[in-house]
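Analysis of the macromolecular model
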Amino acid sequence: MDKLRFAEVCEQIVGAERARNGIGTLGEKTLHAVLKTYFEPDPDSQEIRVGSFVADICGENGIIEIQTRQFYRLVKKLEAFLEYADVTVVYPLCPVKYVRWLDPETGELSERHKSPRRTTLHDIFSELPDIKYALDNPRFKLCVCLIEAEDIRYLNGWSKNRKRGSSRCDRVPIALIDEVWFERPEDYARLIPEGLPEEFTSKDYAKICRTGTELARSELNVLCYLGLVENTGKRGHSKLYRKTPGRIE
């Protein structure tokens, strides 16, 4: 992890975009562009065709794909890339986020305010079920970049203040907080919280993790696939789980 170089890349890419286009007309993939340059500054190793697909980065460290959302789009790519080389998927999460509102009619941009939304590492499980088959492949790695960022959103929503249902103009990274790497199935065990009863439901899991029940179900789905958690039956209509004996240190 190199926080200074990340800041330099942010200044380079965001500054160049704003000088060229102005605030509010930034490319929709600014965060993607910053991460791509941070992980591979040599443009000759970016956007490389591998078989029928184009990899964000292909070099001495294998293939690196930057995926900010919609992991289902990665399925066919990963199947092909993992036959060819080691693959790292980089996924940004923003535990510190600010929001600014852009009026598309006047071009006016509001002052930024801190978003109250709480984002944690558990949020990766909203995406991971789509590629869970790759998580135990020895060629696969996941790097979660925790980033401080600024969301610029259009005031074009359906509510009276035009905020609800609005669309994002851009997500602009400000600073790199941390990198969390998952290189083998056992690494995902670090997300299993302390304090679970011997047998627990998805609701029990969600309560301790302070997440929604649907997200907890997704997380348990992946952890079961990796053999870190196992299903032991039911309590009423709810599935019962336990940590797999001998799999978690």
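Residues numbered from 1 in each chain as written. Predicted model: local features only at pLDDT ≥ 70, side-chain atom pairs only at ≥ 80, totals over all residues. Heavy atoms only, no water.

Taken together, the buried positions of helix 5 (residues 202-209) are occupied by Ser202, Tyr205, Ala206 and Cys209. Projected down its long axis, helix 5 shows its buried positions confined to an angular sector of 100 degrees, all on one face. Every exposed residue of helix 5 that faces more than 90 degrees away from the buried side is listed here: Lys203 and Lys207. Against helix 6 (213-225) and strand 9 (238-243) lie the buried residues of helix 5. Of the residues one or two after helix 5, arginine 210 is the one with positive phi, at around 60 degrees. (Buried < 20%, exposed > 50% of the residue type's maximum accessible area, 1.4 Å probe, protein only. Helix = DSSP H or I, 4+ residues; strand = E, 2+ residues; numbered from the N terminus. Arc of directions from axis to C-beta. Contact = heavy atoms within 4.5 Å.)

Quick look at the layout of surface pockets now. Considered as a void within the structure, the largest pocket measures approximately 930 Å³ in volume. If you go around the largest pocket, you meet 29 residues; those closest to its centre are Gln67, Thr68, Arg69, Gln70 and Arg168. Listed by contribution, the elements that provide at least two residues to the lining of the largest pocket are helix 2 (30-39), strand 3 (62-66), strand 4 (87-102) and strand 7 (168-182). A breakdown of the residues in the lining of the largest pocket according to their chemical character gives seven nonpolar, seven polar and 15 charged. If you add up the space inside the second largest pocket, you get close to 270 Å³. As for the second largest pocket, its lining consists of 15 residues, of which Phe39, Asn61, Ile64, Glu179 and Trp181 are closest to the centre. (1 Å grid on protein atoms, 1.4 Å probe; cavity = no way out; pocket = protein on both sides within 12 Å on 5 of 7 lines; lining within 4 Å. Points joined across faces, edges and corners; volume = space filled by probe spheres on them. Nonpolar A, V, L, I, M, F, W, Y, C, P; charged D, E, K, R; others polar.)

Turning our eyes to something else, we now look at the nonpolar core. Leu78, Ile124, Leu128, Phe140, Leu142, Tyr188 and Tyr205 are the most contacted members of the largest nonpolar core, which has 44 residues in total. Broken down by element, this core gets its largest block of residues, five residues, from helix 6. Residues in contact with leucine 78, not counting those within four places in the same chain, are Val87, Val89, Ile131, Tyr133, Ala134 and Phe140. In terms of nonpolar packing, the next biggest core, distinct from the first, is built from 19 residues, Leu31, Tyr38, Cys145 and Ile147 among them. (Core = buried A, V, L, I, M, F, W, Y, C linked by side-chain atoms within 4.5 Å.)

The next point concerns unusual backbone geometry. With a phi angle near 55 degrees, glutamine 70 is a residue other than glycine that sits in the positive phi range. Topologically, glutamine 70 is positioned in the loop between strand 3 and helix 3 (75-84). One non-glycine residue, arginine 210, lies in positive phi territory at about 60 degrees. In this structure, arginine 210 sits in the loop between helix 5 and helix 6. Residue arginine 210 is classed as exposed on the basis of its relative accessible area, which comes to 68%.

Quick look at helix 2 now. Summarising burial for helix 2: nine of the ten residues are buried, a large majority. Of the positions making up helix 2, those classed as buried are Thr30, Leu31, His32, Val34, Leu35, Lys36, Thr37, Tyr38 and Phe39.

Quick look at the environment of threonine 119 now. Looking at the element boundaries, threonine 119 is found in the loop between strand 5 (113-114) and helix 4 (132-135). Taking the relative accessible area as the measure of exposure, threonine 119 reaches 13% and is therefore buried. For threonine 119 and arginine 184, which are 65 residues apart along the polypeptide, the C-alpha to C-alpha distance reads 23 Å. A polar side-chain atom of threonine 119 sits 2.8 Å from a polar atom in the side chain of arginine 117. (Polar contact = N/O pair within 3.5 Å; in protein donor to acceptor, adjacent residues only side chain to side chain.)

Moving on, we come to the packing of aromatic side chains. Following the criterion strictly, the structure yields seven aromatic pairs and no others. Arranged with centres 5.1 Å apart and planes meeting at 85 degrees, the rings of tyrosine 38 and phenylalanine 39 form a pair that is edge-to-face. Here the aromatic rings of phenylalanine 200 and tyrosine 241 are separated by 6.2 Å at their centres, their planes lie at 25 degrees, and the arrangement is stacked. Taken together, the residues span a long stretch of sequence, with phenylalanine 200 in the loop between strand 7 and helix 5 and tyrosine 241 in strand 9 at a distance of 41 residues. Here phenylalanine 200 matches tyrosine 241 in class, with each residue buried. Cluster of aromatic residues (ring-pair linked, three or more members): Phe6, Tyr38 and Phe39. Against the face of phenylalanine 182 rests arginine 190, its NZ or CZ located 4.8 Å from the ring centre. (Phe/Tyr/Trp six-rings, centres within 6.5 Å; stacked < 30°, edge-to-face > 60°. Lys NZ or Arg CZ within 6 Å of the ring centre and 35° of its normal.)

These figures come from the coordinates and say nothing about function on their own.
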